[in-house]
Amino acid sequence: NKFDIELQTTSLAGRVLGPDGEPIDGATVEVTSSSSKMNGQMLEIMRGATEMFGGGLNFGGGAPEIKTDDNGEFELRGLRAGTALVVRVRASGFTRSSTKVTLREGEARRDFDVRLVVGGKIRIKVNGKVPAIGTISATFADDSQKVDPTMGMLKDGRCTLRGLRPGRWKVTLTGVNLGEDQT
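Everything in this summary refers to the structure shown in the same document. Bear in mind the structure is a predicted one, so any value in this text is a computation, not a measurement.

## Concerning the packing of aromatic side chains
Phase 1: On inspection of all chains with the given rule, the structure shows one aromatic pair.
Phase 2: Taken together, a centroid distance of 5.2 Å and an interplanar angle of 75° make the contact between Phe-140 and Trp-169 edge-to-face. One end of the pair, Phe-140, is in strand 10 (residues 133-140); the other, Trp-169, is in strand 13 (residues 169-176), and 29 residues separate them in sequence. One exposure class covers both Phe-140 and Trp-169, and it is buried.
Phase 3: Residue placement shows Arg-165 over the ring face of Phe-140; its charged tip is 4.8 Å from the ring centre.

Written as structure tokens, this is what we have:
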């Protein structure tokens, strides 16, 4: 016996555009549940560790992500319906975007366009004793603004944080020196 079965798929599609309205090719679009422990800061730590160790690390449980095509278009399928999702978009040279969205069961939303703005960068060089393992975190100084923090890993005492929106940022170094008492 054969049966035709149609499964409902919940999906989100749209385009990623620059400030001039031109499509951004190769932007990364990812989605997580807003209640997930895999928040924006944890994703940044994982990305930083992957970059520091040359890629190839798989932490498991990461956010589904996709790259935009040459028209800046993307489509994420099989999303969880009825719960608040966080859609994060990043592209080299632009600020990151983070937007909450809730989809109904079987909804195929096709108009989710994201406009990114040109971002700045902070270059950090640690003088003196460099920790064996070090992270640099930056949080937007204006607490009234909803801006995701960003993080990076030190490599040879240096780190560059990219895609930062204009404004004041608070930068913090956290480090661990292996083989030393951490009191």
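## Some details on the pattern of salt bridges
Phase 1: Applying the stated criterion across every chain, the model contains six salt bridges.
Phase 2: Where Arg-77 meets Glu-75, a salt bridge forms, and the shortest distance between an N and an O atom there is 3.4 Å.
Phase 3: By relative accessible area, Glu-75 is classed as partly exposed at 27%.
Phase 4: Sharing partners across several salt bridges, the network here consists of Glu-30, Glu-65 and Arg-90.

## Comments concerning the environment of Lys-129
Phase 1: As for its position among the elements, Lys-129 is in the loop between strand 9 (120-125) and strand 10.
Phase 2: Take Lys-129: its relative accessible area is 58%, and that puts it in the exposed class.
Phase 3: Between the C-alpha atom of Lys-129 and that of Asn-177, which follows or precedes it by 48 residues, the distance is 9.6 Å.

## Looking at the pairing of strand 1 (residues 11-17)
Phase 1: Most of strand 1 is tucked away: six of the seven residues are buried.
Phase 2: Both strand 1 and strand 4 (residues 73-77) contribute to a ladder of five bridges, which runs antiparallel. Bridged to Arg-15 within strand 4 is Glu-73.
Phase 3: Here two bridges tie strand 1 to strand 7 (residues 108-109), and the two strands are oriented parallel to one another. The partner of Leu-12 across the bridge, within strand 7, is Arg-109.
Phase 4: Both strand 1 and strand 8 (residues 114-115) contribute to a ladder of two bridges, which runs parallel. Following the sheet pairing, Leu-17 is matched in strand 8 by Arg-115.

The rules behind each value
Residues numbered from 1 in each chain as written. Predicted model: local features only at pLDDT ≥ 70, side-chain atom pairs only at ≥ 80, totals over all residues. Heavy atoms only, no water. Phe/Tyr/Trp six-rings, centres within 6.5 Å; stacked < 30°, edge-to-face > 60°. Helix = DSSP H or I, 4+ residues; strand = E, 2+ residues; numbered from the N terminus. Buried < 20%, exposed > 50% of the residue type's maximum accessible area, 1.4 Å probe, protein only. Lys NZ or Arg CZ within 6 Å of the ring centre and 35° of its normal. Salt bridge = Lys/Arg side-chain N within 4 Å of Asp/Glu carboxyl O. Pairing = 2+ DSSP bridges.

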